[in-house]
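Examination of the molecular architecture
This is what each chain is made of:
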Amino acid sequence: MTIRIAITPGEPAGIGPDLLLKLIQHDWPVQLVAIADKSLLEQRAKQLCLPLKLIEFNDSEPAKTSQAGELYFSQIDLAAPAIPGELNEANGEYVLHTLRHASEQNTNGTFAAVVTGPVHKGIINKAGISFSGHTEYFAQQTNTSDVVMMLATQGLRVALVTTHIPLAYVSKAVTEERLIKVTEILHHDLQEKFGIKNPRILMCGLNPHAGEDGHLGTEELETIIPTVQRLNETGMNITGPLPADTLFQDKYLNQTDAVLAMYHDQGLPVLKYKGFGNSVNITLGLPFIRTSVDHGTALDLAGTGKAEVGSFELAIREAIHLATKDKVIINDR
Ligand SMILES: NC(=O)C1=CN([C@@H]2O[C@H](COP(=O)(O)OP(=O)(O)OC[C@H]3O[C@@H](n4cnc5c(N)ncnc54)[C@H](O)[C@@H]3O)[C@@H](O)[C@H]2O)C=CC1
Ligand SMILES: NCC(=O)COP(=O)(O)O
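Residues numbered from 1 in each chain as written. Chains lettered and ligands numbered in written order. Predicted model: local features only at pLDDT ≥ 70, side-chain atom pairs only at ≥ 80, totals over all residues. Heavy atoms only, no water.

Let's shift gears to the site of ligand 1. What surrounds ligand 1 is a group of 16 residues, the closest being Val 119, Gly 296, Ala 298, Asp 300 and Glu 308. Between ligand 1 and the protein, one listed contact pairs an oxygen atom with a side-chain N or O atom of His 120 at 3.4 Å. Out of a free accessible area of 820 Å², ligand 1 has 65% covered by protein chains. (Near = heavy atom within 4 Å. Polar contact = N/O pair within 3.5 Å; in protein donor to acceptor, adjacent residues only side chain to side chain. Areas by Shrake-Rupley, 256 points an atom, 1.4 Å probe, with all protein chains shown as cover.)

Written out as structure tokens, the structure is:
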């Protein structure tokens, strides 16, 4: 059976539309449907000299595989014309409209997954809309209390306890309750989505040297160590907390299915150093499958044709794998 994948190209002035238009220049074994403004796709294809046949998506017709050069679309109107590289806060609500539409249409089963292109968090907030990221937005749209951001590249998966919050709030956000929920979601999805029977999770400390027995911070002694003990008593296989500066070495990673980092910039720089452009962002714990790119809007490259498609392509392929319950090939050590 052919499945349908919704694609939100993200910030209209960024590279998301460019990457999607490059990627549909070959056949896909699924129906890819862009949730976007038709005129944006037409103009960007013209600018990049890419052939494009747009077909309005009709959910009452049987799903068809996408052929090279053609793209199904669901129309969402831009508020203002999109100029590559030039952010315009007038289009902040447009971006969120595409995400809401994708969320609704995934929830009702029209699509088997959504793949998101990069959005610009700053311009959405400048438009007067409080927004910290897709991860949090889709959780809110689907009334899901806890979701987990995980990025994966060949040989490494990194999940995060906290996501887009100021560093000053991280310590307070690393609670026993949050640690338990995140670890349970990660453990569950490693089993169910990635086919790992007994997931091995490596947990980072929060403080330098994982607190150095309380001399460099007490969160490990007060919260993280007792929570790891509690979780292990339920039968999980969690190692840590280990100092984050020495944990990312093969000695540990070869024995690990996922690293759980306490905050965004503790785990993601390592992951991106290893595999920027070849990584995928997966939201765990949502009622539908959502994957995304590992990079941002790259305004400097929009409309130039120079942006690399690697991560967007991987995000689509990973969504297809997850949706068709094939064995996931990424990160097979
Ligand atoms: N999934 C998402 O929606 C994400 C959105 N962002 C947002 O993107 C905006 C810009 O963030 P930055 O930190 O500047 O990161 P960025 O990833 O947009 O750019 C960082 C550098 O990487 C280069 N780069 C990025 N993607 C590339 C690609 N596909 N091919 C070749 N080079 C590429 C850029 O040219 C730039 O030099 C921010 O508003 C941020 O919030 C950032 C990460 C993920
Ligand atoms: N660094 C990852 C990132 O910022 C993407 O977040 P999200 O928009 O996928 O929640």
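A few words now on the pairing of strand β9 (residues 237-242). In the sheet, strand β8 (residues 200-204) pairs with β9 via four bridges, with the strands oriented parallel. Each residue of the ladder has a partner; that of Cys 204, found in β9, is Leu 242. Regarding the hand of the β-α-β motif, the stretch spanning β8, helix α8 (residues 219-233) and β9 is right-handed. (Pairing = 2+ DSSP bridges. Helix = DSSP H or I, 4+ residues; strand = E, 2+ residues; numbered from the N terminus. Right-handed = clockwise from strand over helix to strand, strands pointing away.)

Per the counting criterion, the structure on display carries three aromatic pairs. On the numbers, 5.6 Å between centres and 80° between planes, the contact of Phe 138 with Phe 288 is edge-to-face. Of this pair, Phe 138 sits in helix α5 (residues 134-141) while Phe 288 is found in the loop between β11 (280-284) and β12 (289-292), placing the two residues 150 residues apart along the sequence. Residue class for Phe 138 comes out buried when judged on its relative accessible area of 0%. On the basis of relative accessibility, which here comes to 6%, the residue Phe 288 falls in the buried class. (Phe/Tyr/Trp six-rings, centres within 6.5 Å; stacked < 30°, edge-to-face > 60°. Buried < 20%, exposed > 50% of the residue type's maximum accessible area, 1.4 Å probe, protein only.)

On to the UniProt feature "binding site: a divalent metal cation" (unreviewed entry) in the protein. As annotated by UniProt and renumbered to match this structure, "binding site: a divalent metal cation" (unreviewed entry) occupies His 164, His 209 and His 264. For the residues just named, distributed over 101 residues, the greatest C-alpha separation reaches 23.5 Å, placing them at more than one site. The topology assignment puts His 209 in the loop between β8 and α8. For His 209, a relative accessible area of 41% puts it in the partly exposed group. If sequence neighbours within four positions are ignored, His 209 has contacts with Leu 216, Pro 243 and Asp 245. (UniProt positions renumbered as here; feature names shortened; annotations may be inferred. Contact = heavy atoms within 4.5 Å.)

Looking now at the site of ligand 2. For ligand 2, the full set of nearby residues is Lys 121, Gly 133, His 134, Thr 135, Glu 136, Met 149, His 164, His 264, Leu 268, Lys 272, Asn 281 and Arg 290. Between ligand 2 and Asn 281 there is a distance of 3.1 Å, counted from an oxygen atom to a side-chain nitrogen or oxygen. A distance of 2.8 Å separates an oxygen atom of ligand 2 from a polar atom in the side chain of Arg 290. Within the residue set of the shell around ligand 2, elements represented by two or more residues are α5 and α11 (264-275). Broken down by class, the residue content of the shell around ligand 2 amounts to two nonpolar, six polar and four charged. Counting the residues that make up the shell around ligand 2, at least three belong to each of domain 1 (4-144 + 286-324) and domain 2 (148-273). (Nonpolar A, V, L, I, M, F, W, Y, C, P; charged D, E, K, R; others polar. Domains from an automatic or database assignment.)

A few words on the sheet that holds strand β3 (residues 53-56). Across the sheet, which stays open at both edges, the twelve strands sit in the order β3-β4-β2-β1-β5-β12-β11-β6-β7-β10-β8-β9 with mixed pairing between neighbours. Each of the sheet's edge strands pairs with one partner strand only, and the pair in question is β3 and β9. On average, each strand axis in the sheet is inclined to that of its neighbour by 30°, with strand direction left out of account. Taken together, the four bridges between strand β1 (residues 4-8) and strand β2 (residues 31-36) define a ladder with parallel strand orientation. By the bridge assignment, Ile 5 is partnered in β2 with Leu 32. Packed onto the sheet, α11 meets β6 (148-153), β7 (156-160), β8 and β10 (258-261) and runs at close to 20° relative to β6. Docked against the sheet, helix α12 (residues 310-324) engages β1, β2, β5 (113-116), β11 and β12, running at close to 165° with respect to β12. (Axes fitted to C-alpha atoms, helices over the stretch in contact; angles between N-to-C directions.)

With 98% of its residues at a pLDDT of at least 70, the protein reaches an overall mean of 96. Taken together, the chains of this predicted complex give a pTM of 0.96 and an interface ipTM of 0.98. (pLDDT = per-residue confidence, 0-100.)

What follows covers the domain arrangement of the protein. Each domain of the protein was delimited in the assignment, giving domain 1 (4-144 + 286-324) and domain 2 (148-273). Here the C-alpha centroids of domain 1 and domain 2 sit 30 Å apart. In this assembly, eight residues from domain 1 lie in contact with seven residues from domain 2. Carbon and sulfur atoms make up 58% of the area that domain 1 and domain 2 hide from each other, which totals about 640 Å². Contact with domain 2 buries surface across domain 1, with Thr 135, Asp 294 and Leu 322 losing the most and accounting together for 51% of the total. At the boundary of domain 1 with domain 2, the tally comes to four residue pairs in polar contact (both at pLDDT 80 or more). Those elements giving two or more residues to the side of domain 1 that touches domain 2 turn out to be α5 and α12. Residue composition of the side of domain 1 that touches domain 2, grouped by class: one nonpolar, three polar and four charged. (Buried area = accessible area lost by both parts, 1.4 Å probe.)

By size, the foremost hydrophobic cluster in this structure holds 86 residues, and its most contacted members are Ile 5, Leu 186, Met 262 and Ile 316. Top contributing element to this core by residue count: α12, with seven residues. Each of domain 1 (4-144 + 286-324) and domain 2 (148-273) gives at least three residues to this core. Setting aside its immediate chain neighbours within four residues, Leu 186 contacts Met 150, Ala 159, Ile 201, Ala 258, Leu 260 and Leu 284. In terms of nonpolar packing, the next biggest core, distinct from the first, is built from 16 residues, Leu 151, Leu 202, Ala 244 and Val 259 among them. (Core = buried A, V, L, I, M, F, W, Y, C linked by side-chain atoms within 4.5 Å.)

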